[in-house]
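Reading the structure
One letter stands for each residue in the lines below.
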Amino acid sequence: MDAFMQAVPALGDAFGLILQPVVLGYLILGVVMGLCVGVFPGLGGIAGLSLLLPFMFGMEPIFGLALMIGMVAVVPTSDTFASVLMGIPGSSASQATVLDGFPMAKKGEAARALSAAFSSSLFGGLMGAAFLTVFILIARPIVLSFGLPEMLMMTILGLSMVAILAGRVAIKGVAAAGLGLVVGTIGAADSGGSLRMSSYDIPYIVDGFKLVIVGLGIFAIPEIVSLLRQDRAISKNAELGAGWADGVKDWWANKWLSLRCSVIGVVVGVIPGLGGSVVDWIAYGHTVQSTKDKSQFGQGEVRGVIGPESSNNAKEGGGLVPTLLFGIPGSGSMAIFIGAVALLGSGTIEVGPGMLKDNLDMTYAIVWLLALANVVGTVLCIAASGGIAKLTTIRFTLLAPFLFMLISFAAFQSGQNFADLVALFGFGLIGIMLRRFDWSRPAFLIGFVLSNPVEKFTNQAFQIASFRFRDSTQAGFEYIFSPIVIVLLVITVVSVFLGIRQAKSILAEGDVKSGSKRAPMIFLLAVMAYLVATYWNASLINDRLMGDKIIPMTVSAVALAGCLVLLVQMIRRPETDIVFADREVAGEDAEAAHGLWPTLAWFAGLLGLTALFGFIIALGIFLVSFLRQRAGLTWVHAAIYAAAGIVFMCFMAWSLNRDFPPGLLQDYADLPWPLK
């Protein structure tokens, strides 16, 4: 009761702070900047907040908070544009939206998909703020009750979504998830620092691969290449389709689903370290499980947009709980947020328990700035959508080179290394093959995202449990099987059971035809060879560092066993069986006007030119050549479009204070920016 009486005046003070015209102006400015960042694939909230950091020092606290919250709140809304219109995950929190949002755009229902997504995002954002208002006073004991076993079970619950997204051949989904897990273990182990698959003198991968690169490679490049081969607009009918009212009606018809997914977003957001990378997959899995007719998922089911988008924005409210209460960042963007808060004013504001005690009004101001930013962001997104959605009606050959340009720039920002582009191309090849042979790309990405949490929480929980068991068996079991763990375990088992039963009716990659044994089997053998290599490499680690080797060895063995089962099925079954799915046999890819390898060679050419001349010079040559040769523009028009693209890239790099990938030329010549 005392806490409630303390909160009421703090709420009044908070509203007094945020309703000042100047504060609202900063909020709107932050929202606009967030929209601009979110629209570009792969940048996300971390890049946006990094852009604001230099301006935070000494700024009036409420002004700086309004600017940052405006950006943080709206990025999960605006990144929907890339996910729906182009099939490119705008950020890690919008990967699941691609599965049904992009097929809707291809069917000419871009406006309906965007409308449903924005309505869901608005509702989820408001739910997150409302939850945070009430929860912020009672959250401390609840958050503290989540120890390592509970966080491990939440991670395993996220992995259980693989059962739902495995596709028609469940064993392929298991193998894809295993492949993603072992790729995620590449680099130095958290526990003992042992090198896994980077012991072959490859310094670049000591730190592992970044999610931005993997996400863009697995989802963006395959879709860009596929559409580019067909040489048409994204929407077959070149029309926007159903209007905004239809999307809002869809959301209202599924309002209880939106509510449930918002709660999922809040709960997952509260747990530090999980955040946006997994919440949309859990929400998507729940959406599939709770829908009677599952046949349309992966082919343009609007519920597949509503569920993830509701959880995305609600997650931001949940993510502020550990950030504000304990100073523990719930995600990468929250880590930058904590650092930026320390720069505000005279440095008297510090997130953590002291903020609730000494700055409760500022705490609630953050909460309701979050809610207000969601409203403003949704209105602006709807206002801009009419023009942006028309991208689906433009011949894709005119868009593709600029998308290659954007995702290359976004990938380079993760490590500021030319090898980032090589890794992007490599994961693009993997994504193309997974898509071609109907291996679940969502399962691969879930495995990659959760590989680090699985390993970290498993090792830490095992070490603590070992000490508890030394005291007594009862103490050990009480630590491992807490009430929260048992509840999560039951939910996970039910999820896996239902997922296996339902997976065959969910075409996450569409309906892929069969008809050839050779190519699918060669790909399977290549995957098996890699899994053998990862198992052997991990086995070389000294037994004293068992924590570094046990996860990659176990996952490699399980995935390899799944591949062996798949190999036996391929040997015994006829080539018309679904296990031999291959997009090059029938369908859009088989009938495409251009071949796979000549199309992919354009992107490879951009990388080769970058290695020689640096990114900007290479980009100029690439854009002019592509627009002239592939798009059929005149030399004058190709030069004008190329110049516009280069100017835009230079503006982006200048505003983010970034450089471009260098080449051999930069080693021998001292060139001015942006050529150096």
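This section reports on the structure supplied with the text.

Here is what the cut-offs are and how they apply
Residues numbered from 1 in each chain as written. Predicted model: local features only at pLDDT ≥ 70, side-chain atom pairs only at ≥ 80, totals over all residues. Heavy atoms only, no water. Helix = DSSP H or I, 4+ residues; strand = E, 2+ residues; numbered from the N terminus. Buried < 20%, exposed > 50% of the residue type's maximum accessible area, 1.4 Å probe, protein only. Contact = heavy atoms within 4.5 Å. Areas by Shrake-Rupley, 256 points an atom, 1.4 Å probe, with all protein chains shown as cover. Salt bridge = Lys/Arg side-chain N within 4 Å of Asp/Glu carboxyl O. Core = buried A, V, L, I, M, F, W, Y, C linked by side-chain atoms within 4.5 Å. Axes fitted to C-alpha atoms, helices over the stretch in contact; angles between N-to-C directions. Parallel < 35°, antiparallel > 145°, perpendicular 65-115°, else oblique. Nonpolar A, V, L, I, M, F, W, Y, C, P; charged D, E, K, R; others polar. Patch = residues over 30% accessible without salt bridge, like charges linked within 9 Å, V, L, I, M, F, W, Y side chains within 5 Å. Phe/Tyr/Trp six-rings, centres within 6.5 Å; stacked < 30°, edge-to-face > 60°. Lys NZ or Arg CZ within 6 Å of the ring centre and 35° of its normal. Left-handed = near helix turned anticlockwise from the far one by under 90°. Polar contact = N/O pair within 3.5 Å; in protein donor to acceptor, adjacent residues only side chain to side chain.

On to the overall build of the chain. Along the chain, the regular secondary structure elements total 30 helices and two strands. Buried residues in the chain amount to 57% of all 676 residues. Nonlocal contacts in the chain, meaning residues at least 24 apart in sequence, comprise 81% of its contacts between residues at least 6 apart. Roughly 25700 Å² of accessible area belongs to the chain as shown, and the carbon and sulfur atoms make up 67% of that amount.

Right, let's talk about the pattern of salt bridges for a bit. The tally for this structure, following the rule as stated, stands at five salt bridges. Its salt-bridge partner being Glu455, residue Arg196 comes within 2.8 Å of it at the nearest N-O pair. One end of the pair, Arg196, is in strand β2 (residues 195-196); the other, Glu455, is in helix α22 (residues 441-471), and 259 residues separate them in sequence. The same class applies to Arg196 and to Glu455, which are both buried. Here Glu584 makes a salt bridge to Arg229, at a shortest N to O gap of 2.8 Å. Separated by 355 residues along the polypeptide, Glu584 in the loop between α26 (546-572) and α27 (596-613) and Arg229 in helix α12 (residues 211-230) bring together distant segments of the chain.

Okay, the nonpolar core next. Among the nonpolar cores identified, the biggest contains 101 residues, and Phe209, Trp439, Phe444 and Met649 are the most heavily contacted of them. In terms of residue count, the dominant contributor to this core is helix α20 (residues 396-412) (13 residues). Of all hydrophobic cores here, the second largest spans 53 residues; its members include Leu35, Leu132, Phe337 and Val341.

Between two packed helices, what matters for the description is the angle formed by their axes and the separation of those axes. Interhelical geometry of helix α21 (residues 418-436) versus α27 gives an angle of 170° and a closest axis separation of 10 Å. When the interaxial angle is binned, α21 and α27 end up roughly antiparallel. Taken together, the residues of α27 that come into contact with α21 (itself represented by Phe418, Leu421, Leu424, Phe425, Leu429, Ile432 and Met433) are Leu596, Trp597, Leu600, Phe603, Ala604, Leu607, Thr610 and Ala611. Among the residues forming the contact of α21 with α27, the class breakdown is 14 nonpolar, one polar and no charged.

A separate point is unusual backbone geometry. In the Ramachandran plot, Asp438 falls in the positive-phi region, its phi being about 60° despite a non-glycine side chain. Relative to the helices and strands, Asp438 resides in the loop between α21 and α22. Assessed through its relative accessible area of 9%, Asp438 is described here as buried.

Right, let's get into a nonpolar patch on the surface. On the surface, Phe469, Phe477, Phe481, Ile486, Leu489, Val490, Val493 and Val494 cluster together into a nonpolar patch covering about 670 Å² of accessible area. At five residues, helix α24 (residues 483-502) tops the list of elements feeding residues into the nonpolar patch. Within the secondary structure layout, Val493 lies in helix α24.

This paragraph deals with the environment of Val23. Here Val23 shows up in helix α2 (residues 21-39). Val23 sits in the buried class, given a relative accessible area of 0%. In the structure, Val23 is positioned 43 residues away from Ala66 in sequence and 6.3 Å away in space, judged by C-alpha atoms. The contact partners of Val23, leaving out residues within four places of it in the chain, are Leu17, Ile18, Ile62, Phe63, Ala66 and Leu369.

Another aspect to go through is the packing of aromatic side chains. For the coordinates displayed, the defined rule picks out 14 aromatic pairs. Summarising the aromatic geometry, the rings of Trp439 and Phe523 are spaced 5.3 Å apart at their centres and angled 85° between planes, so their arrangement reads as edge-to-face. Remark: Phe523 occurs in helix α25 (residues 518-539) and Trp439 occurs in the loop between α21 and α22; sequence separation between them is 84 residues. No difference in accessibility class separates Trp439 from Phe523, as the two residues are buried. Ring plane angle 40° and centroid distance 5.8 Å describe the contact between Phe622 and Phe626, whose orientation is recorded as tilted. Placement of both Phe622 and Phe626 in helix α28 (residues 615-629) is noted, with a separation of four residues, approximately one turn of the helix. Of the two residues, Phe622 and Phe626, neither departs from the other in class, the shared state being buried. Among the aromatic residues, ring-to-ring pairing joins Phe123, Trp251 and Trp252 into one connected group. Above the face of the Trp252 ring, Lys255 is positioned so that its terminal group lies 4.4 Å from the ring centre.

Let us now look at the packing of α25 against α26. Where α25 contacts α26, the two axes come as close as 9 Å, and the packing angle between them is 155°. Here α25 lies roughly antiparallel to α26, going by the angle between them. Our pair here, α25 against α26, has a crossing hand that is left-handed. Grouping the amino acids of the contact of α25 with α26 by side-chain chemistry returns 21 nonpolar, three polar and one charged.

Attention now goes to the side chain of Ser310. On the secondary structure map, Ser310 appears in helix α16 (residues 303-326). Of note is the side chain of Ser310, whose polar atom sits 2.8 Å from the backbone oxygen of Ile306. Residues within four places of Ser310 in sequence aside, it is in contact with Ser120, Gly124, Ser258, Cys261 and Ser262.

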